[in-house]
Amino acid sequence: MREDTRRWMAADKRHCWHPFTPQGAWTDGGHDPLVLVRGQGCWLWDSEGRKYFDGNSSIWTNIHGHNHPVLNEALRKQAEQVAHTSYLGFANPRASELAEKLVSFFPEQTLERVFYSDNGSTAVEVAMKMSLQYWMQCGSMKRTRFVAFNNGYHGDTMGAASLGGVSRFFERFRQFGVEVDFVSSIEDLEALDPEHTAAVIIEPLIQGVNEMRPWPCGMLKALRDYCDKAGVHLILDEVMTGFGRTGTMFACEQESVVPDFLCLAKGLTGGYMPMAATLTTREVYEAFLGDAENAFYYGHSYTANPLGCAVALANLGLFESENTLEKLKSKIEALSALLDALEGEKSRVHEVRQCGFIAGIELRQADGLSFPEDNKVGAAVCAEARQHGLLTRPIRDTVVIMPPLCTEPDELEAAFGALGKVL
Ligand code: PLP
């Protein structure tokens, strides 16, 4: 092992604390964490010089590939002007341009205001607080509850976490959060009294952390109709699905739905910088005008960070100059074919699930029963896949394949080749 690797690992084990990680096992003497040092396209290299396919787009963030010259140049150019200025009391050129660009994806007079923050969780917090304050300012003081879907995931800050329907992550904090009614379907929703509901939140088309489970076709449209009838806000959490992952720029386009709040993060900067945006309508925005006490008192120090905005603009520019969505169509077909082959050939593949360029491969025992949880089969498969040059992370026993959109069919085949060997 190289001297640098040894030093970085030792410092990590001594001082760092990783997300969603049982630290006891991580710092165990027998565990050698990968130290990632370089990327190019859909490939990553570790500090020992080994090359890996980035099978989950670096936790669902990367879009056009690592080390992209256009994105690098946008960052460099902006850094030479200024890296950060306060958005509290000041505007900045890239934030203005980015807001104009983001609203241009939606029909006029729908989503026309952009509120910036730092990550997917804060994009959701902003939508929650805006919705609650909107109803207060409209005199509907009773609308203080949210509706969320069982097994949904919306982030880890306290507000966003209270909307989380994955009990193993969120149950212990439930008593500290906002009040939420959890449902599984439109039928469940219709059985609720909407009088106290501020907003309904959903991950459109597919629940990510719920082992990549797509919703039935038409569900999103039905949800929009419900919200219109019940007079409640619809929050779409496109933190995972945004920026081409499902085959269209935004998942909501596929059912011609426009929400009252749209939460974006992860792919907004192509996987380069932590940045988020919450888009909303004129109707919501106008309820915050008037007296100073009606303003939205929320913000972070790095709101509308110019480096983030510059690289987000370049990321959106690449969708046009590289014709990303058009090229993606055949890649989605290639992914389907590879998944079909896996499902047909490997007895431990219980089900494959796909939505655009997102896939979940659920592993079960030969008799169709789930593996005992303690066996951690998904984790073992991903650890073994790493030995064959594929990096990804399972959700329980579902292996996630969500590559950068720049991935070419032969690169995808290489990744599936690695997985095939393990399965
Ligand atoms: N919403 C969804 C649908 C997500 O998948 C995630 C993260 O995976 C989040 C919100 C939280 O985003 P972040 O990790 O950037 O806070």
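Residues numbered from 1 in each chain as written. Predicted model: local features only at pLDDT ≥ 70, side-chain atom pairs only at ≥ 80, totals over all residues. Heavy atoms only, no water.

Colleague: It is not clear to me how unusual backbone geometry should be interpreted in this structure. Could you clarify?
Modeller: Of all residues except glycine, most have a negative phi; of all peptide bonds, most are trans. The phi dihedral of tryptophan 60 falls on the positive side, at around 70°, and the residue is not glycine. Tryptophan 60 sits in the buried class, given a relative accessible area of 10%. Phi is positive for methionine 212, which is not a glycine, with a value near 60°. Assignment of secondary structure puts methionine 212 in the loop between strand 8 (206-207) and strand 9 (213-214). (Buried < 20%, exposed > 50% of the residue type's maximum accessible area, 1.4 Å probe, protein only. Helix = DSSP H or I, 4+ residues; strand = E, 2+ residues; numbered from the N terminus.)

Colleague: What exactly am I supposed to notice about the domain arrangement of the protein chain here?
Modeller: The parts lose accessible area when they come together, and the size of an interface is often stated as this lost area. Segmenting the protein chain into domains produces domain 1 (34-64 + 323-422) and domain 2 (72-321). Computed over C-alpha atoms only, the centres of domain 1 and domain 2 are separated by 27 Å. Domain 1 puts 29 residues into the contact, and the matching count from domain 2 is 26 residues. Roughly 2,300 Å² of surface becomes buried between domain 1 and domain 2 when both sides are summed, with 62% attributable to carbon and sulfur atoms. The residue arginine 213 makes a salt bridge to glutamate 362 at a minimum N-O spacing of 4.0 Å. (Domains from an automatic or database assignment. Contact = heavy atoms within 4.5 Å. Buried area = accessible area lost by both parts, 1.4 Å probe. Salt bridge = Lys/Arg side-chain N within 4 Å of Asp/Glu carboxyl O.)

Colleague: Can you help me understand the layout of surface pockets in this one?
Modeller: The gaps of empty space that remain are located by a probe, the size of a water molecule, rolled over the atoms. Counted as a void, the second largest pocket has a volume near 740 Å³. Around the second largest pocket, the lining comprises 27 residues; the ones closest to its centre are Tyr87, Val114, Phe115, Tyr116 and Phe296. At the level of secondary structure, the elements contributing two or more residues to the lining of the second largest pocket comprise helix 5 (93-103), strand 4 (111-117), strand 12 (276-281) and helix 11 (282-286). In terms of residue count, strand 4 provides more of the lining of the second largest pocket than any other element does, five residues in total. Residue composition of the lining of the second largest pocket, by class: 15 nonpolar, nine polar and three charged. (1 Å grid on protein atoms, 1.4 Å probe; cavity = no way out; pocket = protein on both sides within 12 Å on 5 of 7 lines; lining within 4 Å. Points joined across faces, edges and corners; volume = space filled by probe spheres on them. Nonpolar A, V, L, I, M, F, W, Y, C, P; charged D, E, K, R; others polar.)

Colleague: In this structure, what is going on with the packing of helix 4 (residues 69-81) against helix 12 (residues 306-321)? I would like to understand it.
Modeller: Helix-helix packing is characterised by the crossing angle of the two axes and by the distance between the axes. Where helix 4 contacts helix 12, the axes come no closer than 9 Å and their chain directions differ by 150°. Considering the angle they form, helix 4 stands roughly antiparallel to helix 12. Judged by the twist between their axes, the crossing of helix 4 over helix 12 is right-handed. The segment helix 4 lies against helix 12, with Val70, Leu71, Ala74, Leu75, Gln78 and Ala79 engaging Pro306, Leu307, Ala310, Val311, Ala314, Asn315 and Leu318. (Axes fitted to C-alpha atoms, helices over the stretch in contact; angles between N-to-C directions. Parallel < 35°, antiparallel > 145°, perpendicular 65-115°, else oblique. Left-handed = near helix turned anticlockwise from the far one by under 90°.)

Colleague: Sorry, what's going on with the site of the ligand here?
Modeller: Taken together, Trp60, Asn119, Gly120, Ser121, Tyr153, His154, Gly155, Glu203, Asp237, Val239, Met240 and Lys266 make up the full set of residues adjacent to the ligand. At 3.1 Å, a side-chain N or O of lysine 266 approaches an oxygen atom of the ligand. In isolation the ligand has 390 Å² of accessible area, and contact with the protein removes 84% of it. When grouped by side-chain class, the residues that make up the shell around the ligand number four nonpolar, five polar and three charged. (Near = heavy atom within 4 Å. Polar contact = N/O pair within 3.5 Å; in protein donor to acceptor, adjacent residues only side chain to side chain. Areas by Shrake-Rupley, 256 points an atom, 1.4 Å probe, with all protein chains shown as cover.)

Colleague: Is there a simple way to explain the state of the cysteines in this structure?
Modeller: By definition, a disulfide is the covalent link that joins the sulfur atoms of two cysteine residues. Throughout the structure, instances matching the rule amount to zero disulfides. Free of any disulfide, cysteine 217 has its nearest cysteine sulfur in cysteine 355, 9.8 Å distant. Relative accessible area serves as the criterion here: at 81%, cysteine 217 is assigned to the exposed category. (Disulfide = S-S within 2.5 Å.)

Colleague: What's the story with the packing of helix 13 (residues 324-345) against helix 15 (residues 409-422) in this structure? I'm lost.
Modeller: Two numbers describe how helix 13 lies on helix 15: the axes approach to 10 Å, and their chain directions differ by 20°. The orientation of helix 13 relative to helix 15 falls into the category roughly parallel. Crossing angle aside, the handedness with which helix 13 passes helix 15 is right-handed. Listed contacts from helix 15 to Lys331, Ala334, Leu335, Leu338, Leu339 and Leu342 of helix 13 are Pro409, Leu412, Glu413, Phe416 and Leu419.

Colleague: Please explain the packing of aromatic side chains as it appears in this structure.
Modeller: A ring pair, where both rings are aromatic, is described by two values, the distance of the centres and the angle of the planes. Under the counting rule described, the total for this entry stands at 16 aromatic pairs. Relative to phenylalanine 169, the ring of phenylalanine 20 has its centre 5.0 Å away and its plane inclined at 80°; by these criteria the two rings are edge-to-face. Of the two residues, phenylalanine 20 sits in the loop between helix 1 (3-15) and helix 2 (23-26) while phenylalanine 169 sits in helix 8 (residues 167-170), which places them 149 residues apart along the sequence. Members of the aromatic cluster, joined through ring pairs, are Phe20, Tyr153, Phe169 and Phe170. The ring of tryptophan 45 is capped by arginine 38, whose NZ or CZ atom sits 4.0 Å from the centre of that ring. (Phe/Tyr/Trp six-rings, centres within 6.5 Å; stacked < 30°, edge-to-face > 60°. Lys NZ or Arg CZ within 6 Å of the ring centre and 35° of its normal.)

Colleague: I tried to follow the pattern of salt bridges on my own but got confused; where do I start?
Modeller: Close approach of charged atoms allows side chains of opposite charge to pair. Throughout the structure, instances matching the rule amount to 20 salt bridges. The residue arginine 364 makes a salt bridge to glutamate 362 at a minimum N-O spacing of 2.9 Å. Residue classification places glutamate 362 among the buried residues on the basis of a relative accessible area of 6%. Salt bridges linked by common partners bring Glu211, Arg213, Glu351, Arg353, Glu362 and Arg364 together as one network.

Colleague: What is the right way to read the confidence of the model for the protein chain from this model?
Modeller: If pLDDT is low for a region, its predicted coordinates should not be looked at in detail. Residues of the protein chain with pLDDT of at least 70 account for 100%, and the chain-wide mean is 97. Mean pLDDT across the elements of the protein chain ranges from a minimum in helix 8, with 87, to a maximum in strand 11 (residues 261-264), with 99. (pLDDT = per-residue confidence, 0-100.)

Colleague: I'm lost on the sheet that holds strand 2 (residues 43-46) in this one. Help?
Modeller: Backbone-to-backbone hydrogen bonds join strands into a sheet, with any given pair of strands oriented parallel or antiparallel. Across the sheet, four strands lie side by side as 1-2-3-15; this open sheet has mixed pairing. The sheet terminates laterally at strand 1 (36-40) and strand 15 (390-391), the two strands that pair on one side only. Relative to strand 15, strand 3 (residues 51-54) runs parallel, the two being bridged by two bridges. What sits directly across from phenylalanine 53, in strand 15, is leucine 390. (Pairing = 2+ DSSP bridges.)

Colleague: Would you explain the side chain of threonine 407 in this entry?
Modeller: On the secondary structure map, threonine 407 appears in the loop between strand 17 (398-401) and helix 15. One polar contact links the side chain of threonine 407 to the main-chain carbonyl oxygen of proline 404, over a distance of 2.7 Å. When sequence neighbours within four positions are dropped, the list of residues in contact with threonine 407 reads Cys42, Phe53, Lys331, Phe357 and Leu412.

Colleague: Where do I start with the sheet that holds strand 14 (residues 358-363) in this structure?
Modeller: The strand order across the open sheet built from four strands is 13-14-17-16, with neighbouring strands paired in antiparallel fashion. Edge positions in the open sheet fall to strand 13 (349-355) and strand 16 (394-395), since each of these has one partner strand only. Of the pairings in the sheet, the one linking strand 14 to strand 17 comprises four bridges and is antiparallel in character. Its bridge partner being in strand 17, alanine 359 is matched across the sheet by isoleucine 401. Sheet strands in contact with helix 13 are strand 13, strand 14 and strand 17, and its direction is about 170° off that of strand 13.

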